[in-house]
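So the chains spell out like this:
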Amino acid sequence: MPIHFAKGQDAGVPIWFVEAGELDARLPQWPQGTAAAIQMAQFAGKAGETLMVPGPDGRMVAVLFGLEAPQARNRDPFLVGKLVTTLPAGVYRFANASHDDRLAALAWLLASYRFTRYKAQRAELPQLEVPRGLDGAQLEEIAAGVFLARDLINTPANDMGPVALEAAAVQLANKYQAKLEVIRGKALLAQNLPLIHAVGRAGAQEPRLVDFIWGREDAPKVTLVGKGVCFDTGGLNIKPDAGMLIMKKDMGGAASALALASMLMQAGCDIRLRVLLPIVENAISSDAFRPGDIYPSRKGLSVEIGNTDAEGRLILADALALADEEAPQLLIDFATLTGAARVALGPDLPPFYTMDDSLAAQMAQFAIAVNDPVWRMPLWEPYDRLLDGKISDLNNISGGPFAGSITAALFLRRFVEKAKSYVHFDLYGWTPSARPARPEGGECQSVRMLYALLLAKYGAKGQIA
Ligand code: BES
Ligand code: MN
Ligand code: ZN
């Protein structure tokens, strides 16, 4: 799978970006025969439209690609990714500026992703020369992080159970010499992580917590927590068939945390990074946790189980409480937490929750800059009481059909106190139907935005800010 740009400069077939309506005026720029090719193909330069221009010997000498007007409301900054599925193998280059060359080049890489573990895919893909003035290596590292998350999410649970997901985390931690600890099975009880144990104990593979630390000890502490439910049957509150179908993706939060960690470590971001992944399978067995059970949590709050399908918030509660103990500068969690988030914002726009207004504003800015959209939703205090337990400190569900993503976020927040700043992402982690640079299947959401933000905020080692 080529996640690399083509070597060389100016040798590839030129791709000319055009907007509808400017074809005639620009004809002199293009090779001979372009006018005839435009006419023959009735090419109008509409957004996403591609024209391959043949030379005298029939070989392709140029490509014309239609872009939306820059001010178009529904402009897709990744539209250029479409070329990867349209063009034949070969080397190409941007002949003129697109609206945003950096995003267009990244879209090219992101569109080159193929999940090949179980079925061979088209091997030879078109390759792009790094557009002038761009840091190709950095774009490749970003793409590599995204591909890691997509691969982990796409791999089905029979090959991506707790053992395999732990192995993926260990491999990454080792690559960057991170300090790693894994707590498994009964040891979770001994180490006071009772909710992770309760949720995961029915799985054939033991529940576990992966914990790794990387970077300069006195650098600002940034901690990532990711929901690692390798498969979510719903537990005894079993999901209906349609709801269970893509629940291999319920470790998408852990995959996102690993993807972001890989980008930050590769870039040498000057932070003390910690990654905490509670990893379980929400399975059904005689040992499964039940509705009505009451468990202690790491923080000391007792939790009644209103629904075993609200398992993500339980394992995150213990991981967040542990993360919070060292009062990190910034605590971020990623989780495919609620169906309600999809109802509210759809699959492509993950909600985030934070009390930190300035962080929220920065995230909104970077989200647009790197085309990794996210949307703030409120930690609406008046709903917090819905989580109060009748015979326990709290219940894991709010009881009603409303505001499911908000109440899940409020549940998590009860376990965070000391972190200077905390943000929760309720991700979908999945593209239901392909769009340019976003193939159908597992998707890495919010991570490129955070990577850009964290690099801007904390810089990289050896770099003059
Ligand atoms: N993993 C699911 C959430 C989910 C479902 C994400 C579908 C993406 C698509 C989570 O564990 C879950 O089952 N949540 C329940 C919570 C409910 C029982 C309060 C939900 O959203 O229905
Ligand atoms: Mn669930
Ligand atoms: Zn789940």
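See the structure above.
For clarity, every value in this text was computed on a predicted model and none was experimentally measured. (Residues numbered from 1 in each chain as written. Chains lettered and ligands numbered in written order. Predicted model: local features only at pLDDT ≥ 70, side-chain atom pairs only at ≥ 80, totals over all residues. Heavy atoms only, no water.)

### A word on the pattern of salt bridges
Here is step 1: Summed over all chains, the structure comprises 27 salt bridges.
Here is step 2: Here Asp293 makes a salt bridge to Arg290, at a shortest N to O gap of 3.1 Å.
Here is step 3: With a relative accessible area of 39%, Arg290 lands in the partly exposed category.
Here is step 4: For Glu325, the salt bridge identified is with Arg298, shortest N-O distance 2.6 Å. Note that Glu325 is positioned in the loop between helix 11 (312-324) and strand 13 (330-335) and Arg298 in the loop between strand 11 (294-296) and strand 12 (302-304), a separation of 27 residues in sequence.
Here is step 5: Looking at Glu325, the relative accessible area reads 42%, which means it is partly exposed.
Here is step 6: You can call Arg298 buried: its relative accessible area is 18%.
Here is step 7: Connected through shared salt-bridge partners, Asp211, Glu217, Arg272, Arg274 and Glu326 make up one network. (Salt bridge = Lys/Arg side-chain N within 4 Å of Asp/Glu carboxyl O. Buried < 20%, exposed > 50% of the residue type's maximum accessible area, 1.4 Å probe, protein only. Helix = DSSP H or I, 4+ residues; strand = E, 2+ residues; numbered from the N terminus.)

### Overview of the packing of helix 4 (residues 101-111) against helix 5 (residues 136-154)
Here is step 1: Helix 5 packs onto helix 4 with a crossing angle of 40 degrees between their chain directions and a minimal axis gap of 10 Å. On the basis of the axis angle, helix 4 is oblique to helix 5. With respect to the hand of their crossing, helix 4 and helix 5 are arranged in right-handed fashion. Contacts between helix 4 and helix 5 involve Arg102, Ala105, Leu106, Leu109 and Leu110 from the former and Gln138, Leu139, Glu140, Ile142, Ala143, Val146, Phe147 and Arg150 from the latter. (Axes fitted to C-alpha atoms, helices over the stretch in contact; angles between N-to-C directions. Parallel < 35°, antiparallel > 145°, perpendicular 65-115°, else oblique. Left-handed = near helix turned anticlockwise from the far one by under 90°. Contact = heavy atoms within 4.5 Å.)

### Let's talk about the side chain of Arg208
Here is step 1: For Arg208, the position within the fold is in strand 7 (residues 208-214).
Here is step 2: Accessibility expressed as a relative area gives 5% for Arg208, which makes it buried.
Here is step 3: Only 2.7 Å separates the side chain of Arg208 from the side chain of Glu166, close enough to count as a polar contact. (Polar contact = N/O pair within 3.5 Å; in protein donor to acceptor, adjacent residues only side chain to side chain.)

### Remarks on the nonpolar core
Here is step 1: Grouped together as the largest cluster of nonpolar side chains are 95 residues, with contacts concentrated most on Trp108, Phe212, Leu224, Phe334 and Phe425.
Here is step 2: In terms of residue count, helix 10 (residues 252-267) provides more of this core than any other element does, 10 residues in total.
Here is step 3: When we break this core down by domain, the ones giving at least three residues each are domain 1 (13-131) and domain 2 (140-458).
Here is step 4: With near-sequence residues (within four places) excluded, Trp108 lies in contact with Ile15, Val80, Gly81, Leu83, Val84, Leu87, Tyr92, Phe94, Pro126, Gln127 and Leu128. (Core = buried A, V, L, I, M, F, W, Y, C linked by side-chain atoms within 4.5 Å. Domains from an automatic or database assignment.)

### As for the pairing of strand 7
Here is step 1: Judged by how many residues are buried, strand 7 sits mostly within the fold: 7 of 7 residues are covered.
Here is step 2: Across 6 bridges, the pairing between strand 6 (residues 179-184) and strand 7 is antiparallel. Across the sheet, residue Ile183 finds its bridge partner in strand 7, namely Leu209.
Here is step 3: Two elements, strand 7 and strand 10 (residues 272-282), share 7 bridges in a ladder whose sense is antiparallel. (Pairing = 2+ DSSP bridges.)

### Comments concerning the site of ligand 1
Here is step 1: Inspection of the region around ligand 1 gives 16 residues, with Lys239, Asp250, Asp309, Glu311 and Gly339 positioned closest.
Here is step 2: Take Asp250: an N or O atom from its side chain is 2.8 Å from a nitrogen atom of ligand 1.
Here is step 3: A distance of 3.4 Å separates a nitrogen atom of ligand 1 from a polar backbone atom of Leu337.
Here is step 4: Calculation on ligand 1 without its partners gives an accessible area of 520 Å², and the protein chains cover 78% of this total.
Here is step 5: The residue inventory of the shell around ligand 1, partitioned by class, reads 4 nonpolar, 4 polar and 8 charged. (Near = heavy atom within 4 Å. Areas by Shrake-Rupley, 256 points an atom, 1.4 Å probe, with all protein chains shown as cover. Nonpolar A, V, L, I, M, F, W, Y, C, P; charged D, E, K, R; others polar.)

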